[in-house]
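Residue strings, one per chain:
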Amino acid sequence: MKIGLIKERKTPPDRRVVFTPEQVDQLQQEHQLKFVVEPSDIRIFPDESYQKRDIEVSENLDACDVLLGVKEVPIEALIPHKSYFFFSHTIKMQPYNRDLLKAILDKKITLYDHEVITKTNGSRLIGFGRYAGLVGAYNGFRALGLRDNLFNLPKVEYLDDLNAVKEELDKIKLPQIKICLTGSGKVALGAKEILDHLKIKSVGVEAFLSEKFEEPVYCKIDVLDYNKPKSTCKGEVSKSHFFKHPEDYESDFMRFAEVTDYFIAGHFYGEGAPYLYTREDAKSPQFNINLVADVSCDIDGPVASTIKPSTIAEPFYGYHPISEQEVEFNHPEAITVMAVDNLPCELPKDASEGFGEMFAEHVIPAFFNKDKDGILERAKMTENGQLTAKYAYLQDFVNQ
Ligand SMILES: NC(=O)c1ccc[n+]([C@@H]2O[C@H](COP(=O)([O-])OP(=O)(O)OC[C@H]3O[C@@H](n4cnc5c(N)ncnc54)[C@H](O)[C@@H]3O)[C@@H](O)[C@H]2O)c1
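Residues numbered from 1 in each chain as written. Predicted model: local features only at pLDDT ≥ 70, side-chain atom pairs only at ≥ 80, totals over all residues.

**Student:** How should I be thinking about the environment of I75 in this particular structure?
**Tutor:** Tracing the chain through its elements places I75 in the loop between β4 (66-68) and β5 (83-86). Considered as a pair, I75 and P46 are 29 residues apart in the sequence and their alpha carbons are 25 Å apart. If we ignore the near neighbours within four places in the chain, the residues touching I75 are D99, L100 and A103. (Helix = DSSP H or I, 4+ residues; strand = E, 2+ residues; numbered from the N terminus. Contact = placed C-beta atoms within 7 Å.)

**Student:** What exactly am I supposed to notice about the UniProt feature "binding site: NAD(+)" (unreviewed entry) in the protein chain here?
**Tutor:** The sites that carry the UniProt feature "binding site: NAD(+)" (unreviewed entry) are, in the present numbering, T232 and V295. Look at the named residues: they lie 64 residues apart in sequence, and the longest C-alpha span between them is 32.1 Å, so in the fold they stay spread out. When you line up the elements, T232 lands in the loop between β10 (227-229) and α9 (239-244). Given 30 C-beta atoms within a 10 Å radius, V295 is considered buried. Sequence-distant contacts of V295, that is, excluding residues within four places in its chain, are made with A132, G133, G136, V187, A191, I264, A265, G266 and L343. (UniProt positions renumbered as here; feature names shortened; annotations may be inferred. Buried ≥ 20, exposed ≤ 12 C-beta atoms within 10 Å, placed from the backbone.)

**Student:** So what exactly am I meant to see when it comes to the environment of D248 here?
**Tutor:** Its location among the elements puts D248 in the loop between α9 and β11 (249-251). The exposure class of D248 is partly exposed, given the 16 C-beta atoms found within 10 Å. Here the alpha-carbon distance between D248 and N227, two residues 21 residues apart in the chain, equals 9.9 Å. Excluding residues that lie within four positions of it along the chain, D248 makes contacts with P229, K230, C233 and G235.

**Student:** Would you take a moment to explain the sheet that holds strand β7 (residues 178-182) for this structure?
**Tutor:** Adjacent strands of a sheet pair through backbone hydrogen bonds, lying either parallel or antiparallel. Taking strand neighbours across the sheet as the criterion, the eight strands line up as β8-β9-β7-β12-β13-β16-β14-β15 in an open arrangement whose pairing is mixed. At either end of the open sheet lies a strand with only one pairing partner, and these are β8 (201-202) and β15 (325-327). Here strand β14 (residues 316-320) pairs with strand β16 (residues 335-338) via four bridges, running antiparallel. Bridging from a neighbouring strand, Y317 pairs with V337 of β16. Contacts from helix α4 (residues 129-147) reach β12 (262-265), β13 (291-294), β14 and β16, with the element oriented near 155° to β13. Seen against the sheet, helix α6 (residues 186-197) touches β7, β9 (217-221) and β12 and runs at an angle of roughly 155° to β7. (Pairing = 2+ DSSP bridges. Axes fitted to C-alpha atoms, helices over the stretch in contact; angles between N-to-C directions.)

**Student:** Honestly, the domain arrangement of the protein chain in this entry has me stumped. Any pointers?
**Tutor:** You'll often see interface size given as the accessible area lost when the parts meet. Here the domain parsing of the protein chain yields domain 1 (2-126 + 348-399) and domain 2 (129-346). On the domain 2 side, the residues contacting the eight residues of domain 1 number six residues. A breakdown of the residues in the side of domain 1 that touches domain 2 according to their chemical character gives two nonpolar, one polar and five charged. (Domains from an automatic or database assignment. Nonpolar A, V, L, I, M, F, W, Y, C, P; charged D, E, K, R; others polar.)

**Student:** Teacher, can you tell me more about unusual backbone geometry here?
**Tutor:** Most peptide bonds adopt trans geometry, and most residues besides glycine take a negative phi value. Of the consecutive residues T11 and P12, the connecting peptide bond is found in the cis state with omega at -5°. Looking at the secondary structure, you find P12 in the loop between β1 (2-5) and α1 (21-30). Positive phi, normally seen in glycine, also occurs at K199, with a value near 60°. Turning to its location among the elements, K199 is positioned in the loop between α6 and β8. Here D300, not a glycine, exhibits a phi torsion of approximately 50°, which is positive. Topologically, D300 is positioned in the loop between β13 and β14.

**Student:** Got a minute to help me understand helix α12 (residues 348-362) in this structure?
**Tutor:** An α-helical turn contains 3.6 residues, so any two residues separated by three or four positions project in the same direction. A rise of 1.5 Å per residue sets the reference length of α12, with its 15 residues, at 21 Å; its end C-alpha atoms lie 21 Å apart and thus fit the reference within 8%. Within α12, the full set of buried residues consists of P348, D350, A351, S352, E353, G354, F355, G356 and F359. Structurally, α12 contributes buried residues whose contacts are with α1, α4, α5 (162-169) and α13 (364-368). (Expected span 1.5 Å × (residues − 1).)

**Student:** Sorry, what's going on with the nonpolar core here?
**Tutor:** The nonpolar side chains of a soluble globular protein tend to be buried, and buried together. By size, the foremost hydrophobic cluster in this structure holds 98 residues, and its most contacted members are A137, A191, I264, V292 and V295. In this structure, this core is formed jointly by two domains, domain 1 (2-126 + 348-399) and domain 2 (129-346), each of which donates at least three residues. Setting aside residues no more than four positions away along its own chain, A137 makes contact with A191, I194, L195, I264 and A293. (Core = buried A, V, L, I, M, F, W, Y, C linked by C-beta atoms within 7 Å.)

**Student:** Would you mind going over α4 with me for this structure?
**Tutor:** Taking 1.5 Å of rise per residue, the 19 residues of α4 would be expected to cover 27 Å, and the 27 Å separating its terminal C-alpha atoms lies within 8% of that figure. Of all 19 residues in α4, 16 are buried, a share of seventy percent or more. A positive backbone phi angle near 50° is found at N149, which sits one or two residues after α4.

**Student:** Explanation requested: the sheet that holds strand β3 (residues 56-57) in the structure shown.
**Tutor:** With mixed pairing, eight strands are arranged side by side in an open sheet as β3-β2-β1-β4-β5-β6-β17-β18. Of all the strands in the sheet, the pair left with one neighbour each is β3 and β18 (386-387). Across two bridges, strand β6 (residues 110-113) lies against strand β17 (residues 380-383) in antiparallel orientation. Considered in β17, the bridge of Y112 is made with K380.

Below you can see the structure in the form of structure tokens.
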């Protein structure tokens with residue numbers, strides 16, 4: 001079997017890749033696999049680092065059975081009749097990728113989307129969430145240091161890797177602040193890794209809400225901490241009930257907002273769930289949050305101060321809660337917002353290594369065991385110019 005590692009072609013440039021040279025080397029030794037790497041001048045691992053390991057680097061991907069990329073492949077670069085794996089960002093009917101999905105069908109491409117490489121229960125097996133959480137939490141501290149003239153952390157993109165990021169954090173001293181972190185997935189765990197590296201004390205909900213501390217503390221909360229059942233809720237309150245019937249719940253986040261200084265949003269927001277805080281909530285004199293690292297990054301939604309995504313080049317802006325307008329990130333009345341929507345790109349080396357490990361563990365075996373766990377079947381969105389049954393709900397979207 002021949003696998004092609006394709007060049008990333010999106011703007012701004014994305015330096016990540018599915019497999020590092022070392023991983024390709026190892027996979028070629030362990031399996032009946034041969035790799036071809038498409039040349040790229042932006043990839044974090046240069047062409048020579050593959051060539052040094054005798055891995056073929058070539059523009060010609062004709063002989064490849066499968067092509068692996070990270071982000072959306074531009075329509076003109078799609079090779080007809082091939083099988084691809086990449087993030088197509090189409091499963092939620094994202095309008096900006098409608099033409100891409102149409103082209104994939106027209107060109108009779110078999111598309112497997114990384115986002116839907118899942119266990120049978122639907123939970124995702126691979127992704128870059130951990131790296132988003134790591135960089136997002138760090139960026140929030142960077143904003144704090146710059147805004148309050150406390151310390152000057154460098155941008156992650158100028159650092160070599162995660163170790164270098166952690167070394168920078170070792171140099172700072174934090175003020176006594178309360179940090180609230182939402183979520184239970186990969187993003188939240190990545191953010192927690194940064195908080196734990198800084199040796200910030202983790203406290204439970206009751207203590208966080210009611211006690212004063214001499215040192216910085218954080219509290220990690222999940223859906224049933226920041227939502228409560230409405231009086232009309234009939235079902236038994238549980239996480240799975242919340243996921244199925246979010247309309248039976250209302251936000252209980254204000255009790256956290258009243259005592260939190262720095263909020264790290266690392267949750268997954270499901271359609272129909274209550275907003276954590278609205279623009280009105282943020283106007284309340286009791287609303288205490290003045291810094292948000294919104295890794296979840298749902299725009300103009302559950303975290304009302306996130307009025308737009310920010311960029312790696314310009315990662316911070318201010319949200320003025322009274323005027324509801326954007327202001328300077330260090331405006332004295334602003335909630336400082338970090339809402340970069342491509343955070344893992346800032347840590348391309350570690351993110352590629354981590355992603356490659358997950359892909360090697362969960363997907364590569366499926367090529368050789370007749371997909372006995374249904375991994376490929378669940379992730380296959382298109383085949384022979386048709387949407388597969390699981391993704392047939394996208395038919396109207398592509399017909400528009
Ligand atoms: N800013 C960025 O660069 C960036 C990068 C990666 C991910 N993200 C975003 O961060 C968020 C979290 O991603 P992740 O990688 O941690 O996800 P994940 O798949 O690792 O975890 C999702 C968690 O949400 C829970 N969940 C499932 N359905 C839910 C629902 N309806 N309501 C609430 N929780 C539910 C699951 O139990 C799981 O624990 C996503 O919205 C993702 O788009 C942002």
